Amino acid sequence: MKRKRVKEVYTLADLQSWSDVARGVDPPIRLVVLGDPVGHSLSPQMQNAALKHCKIDMQYARFRILPGELGEGLKLIRELKFNGVNLTIPHKIGAVEMMNDLDGDAKRIGAVNVIKIEDGKLCGFNTDGRAFSRAIREEFSVDLRDLRVMILGAGGAARAIALQCAKENCERLVIANGTFEKGDKLANKLHDLFTGPKVFGPVPRLQAIQWEENAFRFQIANLDLIVNATPVGLNRVDPPPIPARLLAPHLMIYDTVYSSGRTSFVSAAIEAGARGANGLSMLLHQGALSFAIWFEREAPLDVMRKALL
Ligand code: NAP
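A few points on the structure. Residue numbering note: each chain is counted from 1, following its sequence as written. Where totals are concerned, whole chains, interfaces and linings use all residues; where local detail is concerned, this predicted model gives features only for residues with pLDDT of at least 70, and gives and counts side-chain atom pairs only at 80 or more. The basis for every side-chain value is the complete set of heavy atoms in the structure, and neither hydrogens nor water enter the calculation.

### So, the overall build of the protein chain
Along its length, the protein chain carries 12 helices and 13 strands. Computed over the C-alpha atoms, the radius of gyration of the protein chain is 20 Å, within 12% of the 19 Å expected from 2.2 N^0.38 for a compact globule of 309 residues. Overall size of the protein chain, expressed as C-alpha extent along the three principal axes, is 70 × 35 × 35 Å. Whether a residue is buried, partly exposed or exposed follows from its accessible area with a 1.4 Å probe, protein chains only, as a fraction of its type maximum: under 20%, in between, or over 50%, in that order. Counting across all 309 residues of the protein chain, residues that qualify as buried make up 55%. The contacts of the protein chain with a sequence gap of at least 6 include a subset with a gap of at least 24, amounting to 69%. Exposure was quantified through the Shrake-Rupley algorithm and a 1.4 Å probe, taking into account, for residues, occlusion by the shown protein chains and nothing else. As displayed, the protein chain offers around 14,200 Å² of accessible surface, 50% of which is attributable to carbon and sulfur atoms. Asp and Glu count as negative and Lys and Arg as positive, but His and the ends of the chain are not part of the count. By convention, the charge on Lys lies at NZ, on Arg at CZ, on Asp at CG and on Glu at CD. If the 40 positive side-chain charges of the protein chain are averaged to one point and the 34 negative ones to another, these points end up 3 Å apart. Every helix listed is a DSSP run of H or I at least four residues long, and every strand listed is a run of E at least two residues long, numbered separately from the N terminus. C-alpha atoms define the radius of gyration, and 2.2 Å times the number of residues to the power 0.38 defines the globule rule. Residue contacts follow a heavy-atom distance rule, with two residues in contact if any of their heavy atoms lie within 4.5 Å.

### Describing the packing of aromatic side chains
The criterion for an aromatic pair is that two Phe, Tyr or Trp rings (for Trp, the six-membered ring) have centres within 6.5 Å, with stacked assigned to planes under 30 degrees apart, edge-to-face to planes over 60 apart and tilted to the rest. In total, this model carries eight aromatic pairs according to the counting rule given. Judged by centre distance (5.6 Å) and plane angle (50°), the rings of W18 and F63 are tilted. Of this pair, W18 sits in helix α2 (residues 18-21) while F63 sits in strand β3 (residues 59-64), and the two are 45 residues apart along the sequence. You'll find W18 and F63 in the same group, each marked buried. Aromatic pair W211 and F216: ring centres 5.6 Å apart, planes at 75°, arrangement edge-to-face. The exposure class of W211 is partly exposed, given its relative accessible area of 29%.

### Quick look at the sheet that holds strand β8 (residues 148-152)
Ordered in space as β10-β9-β8-β11-β12-β13, the six strands form an open sheet in which the pairing is parallel. In this open sheet, the two edge strands, each paired with only one partner strand, are β10 (206-210) and β13 (275-278). Taken over all neighbouring pairs, the strand axes of this sheet differ in orientation by 15° on average, direction set aside. Should DSSP find at least two bridges between two strands, the strands are taken to pair. One ladder, built from five bridges, connects β8 with strand β9 (residues 172-177); its direction is parallel. Of the residues in β9, the one forming a bridge with I151 is I175. Every axis corresponds to a line fitted to the C-alpha atoms, with the helix fit spanning only the stretch in contact, and the corresponding angles, defined between N-to-C directions, vary from 0 to 180 degrees. Sitting on the sheet, helix α7 (residues 156-167) is in contact with β8, β9 and β11 (225-228), with an inclination near 170° to β8.

### Remarks on helix α10 (residues 264-271)
By the burial criterion, the buried members of α10 are F265, V266, A268 and A269. What you see down the axis of α10 is that its buried residues fit within an arc of 160°, all on one side. Directly beyond the C-terminal end of α10, a positive phi value near 85° is found at G273. Directions pointing from the helix axis toward each C-beta atom define the arc.

### As for the pairing of strand β6 (residues 114-118)
Most of β6 sits inside the fold, with four of its five residues counted as buried. Note: strand β4 (residues 84-87) against β6, three bridges, orientation antiparallel. By the bridge assignment for β6, G84 is matched with K116. Relative to strand β7 (residues 121-125), β6 is paired through five bridges, and the arrangement is antiparallel. Bridged to K116 within β7 is C123. Hairpin connection from β6 to β7: two residues lie between these consecutive antiparallel strands, with D119 at a positive phi of about 50°.

### Details of the nonpolar core
By nonpolar core we mean a set of buried residues, namely Ala, Val, Leu, Ile, Met, Phe, Trp, Tyr and Cys, connected to one another through side-chain atoms within 4.5 Å. Formed by 37 residues in total, the largest nonpolar core has its most connected members in F132, V149, L173, L190, L225 and Y254. Sort the elements by how many residues they give to this core and α7 lands first, with eight residues. Once residues within four sequence positions are removed from consideration, L173 is found in contact with V149, I151, A162, C165, L190, F194, R205, L206 and Q207. With 26 residues, the next largest nonpolar core counts L34, I65, F82 and M99 among its residues.

### Observations regarding the layout of surface pockets
Buriedness of a pocket was judged along seven lines, with at least five required to meet protein on both sides within 12 Å; pockets are open sets of points on a 1 Å grid over the protein atoms alone, cavities are sets where a 1.4 Å probe fits but cannot get out, and lining residues have an atom within 4 Å of a point. Grid points are joined across faces, edges and corners, and a volume is the space filled by probe spheres set on the points. Estimated volume of the largest pocket: approximately 730 Å³. Lining the largest pocket are 32 residues, with T88, I89, K92, A157 and T256 positioned closest to its centre. Only β4, α7 and α11 (280-295) provide two or more residues apiece to the lining of the largest pocket. Per-element tally for the lining of the largest pocket: the top contributor is α11, with three residues.

Next up, the structure:
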(Lines give C-alpha, C1' and ligand atoms only; values in the text may rest on other atoms or scores of the structure.)
Protein backbone atom coordinates (compact mmCIF):
# COMPACT_ATOMS: atom_id res chain seq x y z
CA MET A 1 0.00 0.00 0.00
CA LYS A 2 1.21 3.56 -0.76
CA ARG A 3 2.50 5.38 2.33
CA LYS A 4 0.27 8.36 3.23
CA ARG A 5 1.72 11.72 4.32
CA VAL A 6 0.89 12.91 7.83
CA LYS A 7 -1.34 16.03 7.83
CA GLU A 8 -0.03 19.23 9.44
CA VAL A 9 -3.16 19.38 11.61
CA TYR A 10 -5.97 16.84 12.03
CA THR A 11 -9.49 17.63 13.32
CA LEU A 12 -12.29 15.92 15.25
CA ALA A 13 -13.88 14.93 11.91
CA ASP A 14 -10.65 13.04 11.09
CA LEU A 15 -10.84 11.17 14.42
CA GLN A 16 -14.47 10.25 13.67
CA SER A 17 -13.39 8.41 10.52
CA TRP A 18 -9.94 7.44 11.78
CA SER A 19 -9.67 4.00 10.17
CA ASP A 20 -9.99 5.64 6.71
CA VAL A 21 -7.92 8.72 7.54
CA ALA A 22 -5.07 6.76 9.14
CA ARG A 23 -4.91 3.96 6.58
CA GLY A 24 -1.44 3.95 5.00
CA VAL A 25 0.11 6.24 7.64
CA ASP A 26 3.32 4.52 8.69
CA PRO A 27 4.49 4.46 11.45
CA PRO A 28 0.97 4.77 12.91
CA ILE A 29 -0.06 7.91 14.82
CA ARG A 30 -0.39 6.87 18.50
CA LEU A 31 0.50 10.14 20.28
CA VAL A 32 -1.23 13.50 19.84
CA VAL A 33 -1.34 17.10 21.00
CA LEU A 34 -4.83 18.62 21.26
CA GLY A 35 -5.32 22.39 21.25
CA ASP A 36 -6.75 25.45 19.56
CA PRO A 37 -4.66 27.03 18.15
CA VAL A 38 -2.24 24.14 17.67
CA GLY A 39 -0.67 24.70 14.24
CA HIS A 40 2.31 26.44 15.87
CA SER A 41 3.10 23.49 18.18
CA LEU A 42 6.67 22.18 17.87
CA SER A 43 5.89 19.04 19.90
CA PRO A 44 5.64 16.76 16.82
CA GLN A 45 9.18 17.49 15.60
CA MET A 46 10.59 17.00 19.11
CA GLN A 47 8.62 13.83 19.96
CA ASN A 48 9.02 12.24 16.53
CA ALA A 49 12.80 12.65 16.77
CA ALA A 50 12.72 10.94 20.19
CA LEU A 51 10.50 8.09 18.92
CA LYS A 52 12.79 7.49 15.94
CA HIS A 53 15.92 7.59 18.09
CA CYS A 54 14.43 5.06 20.54
CA LYS A 55 13.17 2.87 17.66
CA ILE A 56 9.55 3.12 18.87
CA ASP A 57 7.29 2.39 15.92
CA MET A 58 4.77 5.23 16.23
CA GLN A 59 4.24 8.90 15.32
CA TYR A 60 3.03 12.03 17.11
CA ALA A 61 0.60 14.49 15.42
CA ARG A 62 -1.32 17.73 16.02
CA PHE A 63 -5.12 17.89 16.37
CA ARG A 64 -7.09 21.13 16.33
CA ILE A 65 -9.84 20.38 18.85
CA LEU A 66 -12.24 23.21 19.70
CA PRO A 67 -13.24 23.79 23.36
CA GLY A 68 -16.65 22.08 22.97
CA GLU A 69 -15.09 19.06 21.22
CA LEU A 70 -12.70 17.86 23.93
CA GLY A 71 -15.06 15.27 25.50
CA GLU A 72 -15.82 13.61 22.16
CA GLY A 73 -12.15 13.83 21.09
CA LEU A 74 -10.86 12.13 24.23
CA LYS A 75 -13.57 9.46 24.07
CA LEU A 76 -12.48 8.54 20.52
CA ILE A 77 -8.79 8.65 21.44
CA ARG A 78 -9.47 6.22 24.30
CA GLU A 79 -11.57 3.90 22.13
CA LEU A 80 -8.96 3.96 19.37
CA LYS A 81 -6.33 2.93 21.95
CA PHE A 82 -3.90 5.78 21.34
CA ASN A 83 -0.97 5.72 23.79
CA GLY A 84 -0.75 9.30 24.98
CA VAL A 85 -1.91 12.89 24.68
CA ASN A 86 -0.52 16.34 25.37
CA LEU A 87 -3.02 19.12 26.03
CA THR A 88 -2.42 22.77 25.28
CA ILE A 89 -4.48 25.94 25.32
CA PRO A 90 -7.48 25.94 26.04
CA HIS A 91 -7.96 22.34 27.27
CA LYS A 92 -5.81 21.84 30.38
CA ILE A 93 -8.47 22.82 32.93
CA GLY A 94 -11.53 21.40 31.15
CA ALA A 95 -9.84 17.99 30.82
CA VAL A 96 -9.58 17.41 34.58
CA GLU A 97 -13.14 16.16 35.01
CA MET A 98 -12.78 13.85 31.98
CA MET A 99 -9.92 11.81 33.54
CA ASN A 100 -10.42 8.36 35.09
CA ASP A 101 -7.37 8.95 37.26
CA LEU A 102 -5.32 12.04 38.25
CA ASP A 103 -1.82 12.23 39.67
CA GLY A 104 -1.14 14.41 42.73
CA ASP A 105 0.10 17.53 40.90
CA ALA A 106 -2.71 17.50 38.32
CA LYS A 107 -5.30 17.17 41.11
CA ARG A 108 -3.81 19.98 43.20
CA ILE A 109 -3.31 22.32 40.22
CA GLY A 110 -6.67 21.49 38.63
CA ALA A 111 -5.07 21.19 35.19
CA VAL A 112 -3.79 18.34 33.02
CA ASN A 113 -1.15 18.61 30.28
CA VAL A 114 -0.22 14.93 29.80
CA ILE A 115 -2.54 11.92 29.48
CA LYS A 116 -1.45 8.30 29.48
CA ILE A 117 -3.98 5.81 28.15
CA GLU A 118 -3.68 2.54 30.01
CA ASP A 119 -6.15 -0.37 30.14
CA GLY A 120 -8.77 1.86 28.48
CA LYS A 121 -8.40 4.53 31.17
CA LEU A 122 -7.34 8.18 30.85
CA CYS A 123 -4.70 9.01 33.48
CA GLY A 124 -3.97 12.76 33.80
CA PHE A 125 -0.64 14.29 34.85
CA ASN A 126 0.79 17.78 35.07
CA THR A 127 4.44 18.32 34.18
CA ASP A 128 4.35 22.08 33.45
CA GLY A 129 5.63 23.09 36.89
CA ARG A 130 8.67 20.78 36.88
CA ALA A 131 9.42 21.70 33.26
CA PHE A 132 9.26 25.40 34.14
CA SER A 133 11.65 24.94 37.07
CA ARG A 134 14.20 23.11 34.87
CA ALA A 135 13.84 25.79 32.18
CA ILE A 136 14.55 28.64 34.62
CA ARG A 137 17.64 26.85 35.92
CA GLU A 138 18.85 26.24 32.37
CA GLU A 139 18.15 29.76 31.04
CA PHE A 140 19.24 31.92 33.99
CA SER A 141 21.37 29.57 36.18
CA VAL A 142 19.15 30.27 39.21
CA ASP A 143 16.71 28.25 41.30
CA LEU A 144 13.16 29.43 42.00
CA ARG A 145 13.98 29.30 45.68
CA ASP A 146 14.51 32.84 47.00
CA LEU A 147 13.26 34.55 43.81
CA ARG A 148 10.55 37.22 43.80
CA VAL A 149 8.26 36.11 40.97
CA MET A 150 5.32 37.67 39.14
CA ILE A 151 3.16 35.42 36.94
CA LEU A 152 0.98 36.91 34.21
CA GLY A 153 -2.11 34.71 33.82
CA ALA A 154 -4.12 32.35 35.99
CA GLY A 155 -4.95 29.55 33.53
CA GLY A 156 -3.58 26.01 33.35
CA ALA A 157 0.09 26.92 32.81
CA ALA A 158 0.03 29.73 35.37
CA ARG A 159 -1.45 27.45 38.04
CA ALA A 160 1.28 24.85 37.52
CA ILE A 161 4.02 27.49 37.60
CA ALA A 162 2.57 29.14 40.70
CA LEU A 163 2.42 25.83 42.60
CA GLN A 164 6.00 25.02 41.60
CA CYS A 165 7.21 28.44 42.81
CA ALA A 166 5.41 27.83 46.11
CA LYS A 167 6.76 24.28 46.49
CA GLU A 168 10.31 25.52 45.86
CA ASN A 169 9.85 28.25 48.46
CA CYS A 170 10.15 31.32 46.26
CA GLU A 171 10.44 34.49 48.30
CA ARG A 172 7.44 36.33 46.79
CA LEU A 173 4.68 35.45 44.37
CA VAL A 174 2.50 38.00 42.58
CA ILE A 175 -0.28 36.88 40.25
CA ALA A 176 -1.65 39.32 37.65
CA ASN A 177 -4.61 38.19 35.58
CA GLY A 178 -7.02 39.93 33.24
CA THR A 179 -9.95 38.46 35.16
CA PHE A 180 -8.79 39.55 38.63
CA GLU A 181 -11.04 37.09 40.50
CA LYS A 182 -9.28 34.10 38.89
CA GLY A 183 -5.87 35.41 39.95
CA ASP A 184 -7.16 36.10 43.45
CA LYS A 185 -8.62 32.59 43.70
CA LEU A 186 -5.28 31.09 42.68
CA ALA A 187 -3.42 33.17 45.29
CA ASN A 188 -5.90 32.08 47.98
CA LYS A 189 -5.37 28.41 47.08
CA LEU A 190 -1.63 28.81 47.72
CA HIS A 191 -2.02 30.69 50.97
CA ASP A 192 -0.96 27.73 53.17
CA LEU A 193 2.38 27.50 51.35
CA PHE A 194 3.27 31.14 52.09
CA THR A 195 2.97 31.31 55.85
CA GLY A 196 6.73 31.76 56.44
CA PRO A 197 8.32 35.07 57.53
CA LYS A 198 7.32 38.17 55.60
CA VAL A 199 9.75 39.41 52.94
CA PHE A 200 11.89 42.43 53.72
CA GLY A 201 10.13 45.67 52.74
CA PRO A 202 6.55 46.90 52.42
CA VAL A 203 5.28 44.21 50.03
CA PRO A 204 3.30 41.05 50.83
CA ARG A 205 4.77 37.58 50.12
CA LEU A 206 1.71 36.44 48.19
CA GLN A 207 -0.63 38.74 46.32
CA ALA A 208 -3.01 38.99 43.34
CA ILE A 209 -3.00 42.29 41.45
CA GLN A 210 -5.06 43.94 38.72
CA TRP A 211 -3.83 43.73 35.12
CA GLU A 212 -3.03 47.45 34.98
CA GLU A 213 -0.01 49.54 34.08
CA ASN A 214 0.09 51.28 37.47
CA ALA A 215 -0.10 47.98 39.33
CA PHE A 216 2.78 46.58 37.24
CA ARG A 217 4.87 49.74 37.74
CA PHE A 218 4.46 49.51 41.52
CA GLN A 219 5.73 45.90 41.58
CA ILE A 220 8.85 46.08 39.38
CA ALA A 221 11.40 47.08 42.06
CA ASN A 222 10.28 44.13 44.22
CA LEU A 223 10.56 41.41 41.58
CA ASP A 224 13.37 39.29 40.09
CA LEU A 225 11.46 37.17 37.57
CA ILE A 226 8.37 37.91 35.44
CA VAL A 227 6.69 34.98 33.67
CA ASN A 228 4.20 35.35 30.85
CA ALA A 229 1.73 32.46 31.12
CA THR A 230 -0.87 33.98 28.79
CA PRO A 231 -1.12 33.48 25.02
CA VAL A 232 -0.15 37.15 24.45
CA GLY A 233 2.73 36.93 21.97
CA LEU A 234 1.50 33.82 20.14
CA ASN A 235 0.54 36.16 17.31
CA ARG A 236 3.61 37.81 15.85
CA VAL A 237 1.78 41.18 15.84
CA ASP A 238 0.93 41.02 19.59
CA PRO A 239 2.53 43.75 21.72
CA PRO A 240 4.43 42.52 24.81
CA PRO A 241 2.15 41.87 27.82
CA ILE A 242 4.19 44.51 29.73
CA PRO A 243 5.84 47.28 27.67
CA ALA A 244 9.63 47.74 27.71
CA ARG A 245 9.36 51.17 29.38
CA LEU A 246 8.00 49.51 32.57
CA LEU A 247 10.74 46.85 32.76
CA ALA A 248 14.15 47.26 34.43
CA PRO A 249 17.65 45.82 33.87
CA HIS A 250 17.69 43.71 37.07
CA LEU A 251 14.78 41.54 35.82
CA MET A 252 14.67 38.08 34.27
CA ILE A 253 11.78 37.69 31.82
CA TYR A 254 10.52 34.21 30.93
CA ASP A 255 7.90 34.01 28.17
CA THR A 256 6.17 30.60 28.09
CA VAL A 257 5.16 31.47 24.53
CA TYR A 258 7.82 30.06 22.25
CA SER A 259 9.06 30.84 18.78
CA SER A 260 12.20 30.27 16.76
CA GLY A 261 13.08 33.95 17.15
CA ARG A 262 12.37 36.44 19.93
CA THR A 263 8.84 36.85 21.21
CA SER A 264 7.60 40.43 21.72
CA PHE A 265 8.14 40.06 25.50
CA VAL A 266 11.73 38.85 25.11
CA SER A 267 12.39 41.78 22.74
CA ALA A 268 10.94 44.16 25.35
CA ALA A 269 13.21 42.62 28.02
CA ILE A 270 16.30 43.12 25.87
CA GLU A 271 15.25 46.69 25.02
CA ALA A 272 15.05 47.37 28.78
CA GLY A 273 18.51 45.88 29.40
CA ALA A 274 17.02 42.83 31.16
CA ARG A 275 17.60 39.13 30.42
CA GLY A 276 14.90 37.27 28.53
CA ALA A 277 14.13 33.74 27.30
CA ASN A 278 11.20 32.24 25.43
CA GLY A 279 9.32 29.03 26.24
CA LEU A 280 11.31 26.61 24.06
CA SER A 281 13.24 25.32 27.10
CA MET A 282 9.99 24.68 29.01
CA LEU A 283 8.54 22.92 25.97
CA LEU A 284 11.62 20.70 25.78
CA HIS A 285 11.48 19.64 29.43
CA GLN A 286 7.70 19.24 29.35
CA GLY A 287 8.14 17.00 26.31
CA ALA A 288 10.85 14.93 27.98
CA LEU A 289 8.71 14.46 31.10
CA SER A 290 5.73 13.44 28.90
CA PHE A 291 7.87 10.87 27.07
CA ALA A 292 9.03 9.42 30.40
CA ILE A 293 5.40 9.05 31.55
CA TRP A 294 4.26 7.35 28.33
CA PHE A 295 7.17 4.95 27.96
CA GLU A 296 8.47 4.62 31.54
CA ARG A 297 12.00 5.32 30.36
CA GLU A 298 14.22 8.36 30.25
CA ALA A 299 13.70 10.62 27.22
CA PRO A 300 16.62 11.30 24.85
CA LEU A 301 16.88 14.96 25.89
CA ASP A 302 19.73 15.91 23.56
CA VAL A 303 17.97 14.42 20.53
CA MET A 304 14.81 16.33 21.42
CA ARG A 305 16.71 19.58 21.99
CA LYS A 306 18.47 19.26 18.64
CA ALA A 307 15.15 18.59 16.87
CA LEU A 308 13.66 21.75 18.40
CA LEU A 309 16.57 24.00 17.53
P1 NAP B 1 -5.43 28.86 29.53
O2 NAP B 1 -5.64 27.86 30.60
O3 NAP B 1 -6.49 29.02 28.49
O4 NAP B 1 -5.21 30.29 30.25
C5 NAP B 1 -5.02 31.45 29.51
C6 NAP B 1 -4.68 32.62 30.44
O7 NAP B 1 -4.27 33.71 29.62
C8 NAP B 1 -5.81 33.11 31.30
O9 NAP B 1 -5.28 33.52 32.54
C10 NAP B 1 -6.35 34.31 30.52
O11 NAP B 1 -6.89 35.34 31.35
C12 NAP B 1 -5.08 34.84 29.91
N13 NAP B 1 -5.29 35.58 28.67
C14 NAP B 1 -5.86 35.10 27.53
N15 NAP B 1 -5.85 36.07 26.58
C16 NAP B 1 -5.30 37.18 27.14
C17 NAP B 1 -5.03 38.50 26.68
N18 NAP B 1 -5.31 38.86 25.42
N19 NAP B 1 -4.45 39.37 27.54
C20 NAP B 1 -4.15 39.00 28.80
N21 NAP B 1 -4.39 37.76 29.30
C22 NAP B 1 -4.95 36.87 28.48
O23 NAP B 1 -4.07 28.61 28.74
P24 NAP B 1 -2.74 27.86 29.24
O25 NAP B 1 -2.83 26.44 28.90
O26 NAP B 1 -2.47 28.28 30.63
O27 NAP B 1 -1.64 28.48 28.25
C28 NAP B 1 -1.23 29.83 28.36
C29 NAP B 1 0.01 30.06 27.52
O30 NAP B 1 1.12 29.34 28.05
C31 NAP B 1 -0.12 29.60 26.06
O32 NAP B 1 0.39 30.61 25.24
C33 NAP B 1 0.78 28.38 25.94
O34 NAP B 1 1.38 28.32 24.67
C35 NAP B 1 1.83 28.70 27.00
N36 NAP B 1 2.46 27.46 27.52
C37 NAP B 1 3.71 27.14 27.09
C38 NAP B 1 4.32 25.99 27.57
C39 NAP B 1 5.70 25.65 27.12
O40 NAP B 1 6.09 24.49 27.25
N41 NAP B 1 6.47 26.59 26.64
C42 NAP B 1 3.66 25.15 28.46
C43 NAP B 1 2.39 25.52 28.88
C44 NAP B 1 1.79 26.67 28.38
P45 NAP B 1 -8.47 35.37 31.78
O46 NAP B 1 -8.56 34.49 32.98
O47 NAP B 1 -8.72 36.80 32.08
O48 NAP B 1 -9.23 34.84 30.61
